[in-house]
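# Residue-level structural notes
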Amino acid sequence: NIININKINKINDYHILDPCAGHGHIIKCLRKRGYKGNIKAIEINKDYEDKLKETNIYGGETRVFIGNFFDHINVGIYDLIIINPPFSQIEEFIEHSYTLLKSNNSKIICLMRLSHLCGIKRGRFFETYRPSTVYVLENRPEFINLVGEYKNENKNMNSIGGYCFCEFEKPMIKINQSKIKWLRF
């Protein structure tokens, strides 16, 4: 619902980046929904490289780079950056992602806790980097641990607070309010 796969499949040279690719779950989701274009995956953990390369079985080409996202300096080439960052570094990931986006009609979609939208410091950040739309997840997602298993055993992790995807646009929007939508999955 956030990404119009039919629309982006019609655009030649549409570039997607997943800078915290992990086991490739975001990439698999895009592929299963029909995205056929190229995706660049960056992951800091070399142990995940084979899992990421397996996403090619769903079609398209996923180029995998093992390294630190903040060392990535391909400025101005991405149409869409989808981030599931370490929650302690959300601001840094959004700021760096803006430098990598094409100049117009490009987006960042970032998964975060709803509580991340609160607070004085974060409020100042979101005054500068204002999301165009906040997609509140009606159901809490299950997260994957470092060995690729769902974290069901840690009920506190998934039961506290809610989650959302924030969509940021380039050029940055100049409005005082963001839209809020609810997503079922």
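What counts and how
- Counting restarts for each chain: residues are numbered from 1 in the order of the written sequence.
- Thresholds applied to this predicted model are a pLDDT of at least 70 for local features of residues and 80 or more for the giving and counting of side-chain atom pairs; totals over whole chains, interfaces and linings are not thresholded and use all residues.
- As a convention, hydrogens and water are excluded, and side-chain values are obtained from all of the structure's heavy atoms.
- To qualify as a helix, a DSSP run of H or I must reach at least 4 residues; to qualify as a strand, a run of E must reach at least 2; elements of each kind are numbered from the N terminus.
- To sort residues, take the accessible area from a 1.4 Å probe on protein chains only and compare it with the maximum for the residue type: under 20% means buried, over 50% means exposed, and anything in between is partly exposed.
- Strands are treated as partners if at least two bridges between them are detected by DSSP.
- Orient the strands so they point away from the viewer; a crossover is then right-handed if the path from the first strand over the helix to the second runs clockwise.
- On a range of 0 to 100, pLDDT expresses the predictor's confidence in each residue.
- Contacts are assigned to residue pairs that have any heavy atoms within 4.5 Å of one another.
- The axes used here are C-alpha line fits, helices contributing only the stretch in contact, and every angle between their N-to-C directions lies in the interval 0 to 180 degrees.
- The pairing test for Phe, Tyr and Trp rings, Trp by its six-membered ring, is centres within 6.5 Å, and the orientation test on the planes gives stacked under 30 degrees, edge-to-face over 60, and tilted for anything in between.
- Counting as a charge over the ring demands two things of the Lys NZ or Arg CZ atom: a distance within 6 Å of the ring centre and an angle within 35 degrees of the ring normal.

So, on to the environment of Glu-127. In this structure, Glu-127 sits in helix 5 (residues 120-128). As for Glu-127 and Asn-176, which are separated by 49 residues in sequence, their C-alpha atoms are 8.5 Å apart.

In terms of residue burial, strand 2 (residues 39-43) counts as a mostly covered element, since five of its five residues are buried. Neither face of strand 2 is exposed, since Ile-39, Ala-41 and Glu-43 on one face and Lys-40 and Ile-42 on the opposite face are all buried. With three bridges joining them, strand 1 (residues 16-18) and strand 2 adopt parallel strand pairing. The residue bridging Ile-16 from the neighbouring strand is Ile-39, located in strand 2. Viewed along the sheet, the connection from strand 1 through helix 2 (residues 25-32) into strand 2 turns out right-handed. Bridge count between strand 2 and strand 3 (residues 62-66): five bridges; the pairing is parallel. Its bridge partner being in strand 3, Ala-41 is matched across the sheet by Val-64.

A few words on the confidence of the model for the protein chain. Interpretation of the predicted coordinates at a detailed level should be avoided for regions scoring low in pLDDT. The predicted model of the protein chain has a mean per-residue pLDDT of 84, with 87% of residues at 70 or higher. Note on residues 152-159: pLDDT is under 50 here. Beyond four places in sequence and across chains, it has 11 contacts.

Within the open sheet, the eight strands sit side by side as 3-2-1-4-5-7-6-8. Their pairing is mixed. Both outer strands of the open sheet, strand 3 and strand 8 (179-183), are each paired with one neighbouring strand and no more. Ignoring which end each strand starts from, the neighbouring axes of this sheet average 20° apart. Sitting on the sheet, helix 4 (residues 90-100) touches strand 1, strand 4 (80-83), strand 5 (106-113) and strand 7 (163-170), and the angle it makes with strand 5 is about 170°.

Under the counting rule described, the total for this entry stands at eight aromatic pairs. Taking the centre distance of 5.2 Å and the plane angle of 80° together, the rings of Phe-125 and Phe-126 count as edge-to-face. A residue is classified by how much of its surface remains accessible, and Phe-125, at 10% relative accessible area, is buried. Across from the ring centre of Phe-65, 4.3 Å away, lies the NZ or CZ of Lys-40, which sits over that ring.

Attention shifts here to helix 4. In terms of residue burial, helix 4 counts as a mostly covered element, since eight of its 11 residues are buried. Taken as a whole, helix 4 has its buried residues at Ile-90, Glu-91, Phe-93, Ile-94, His-96, Ser-97, Tyr-98 and Leu-100.

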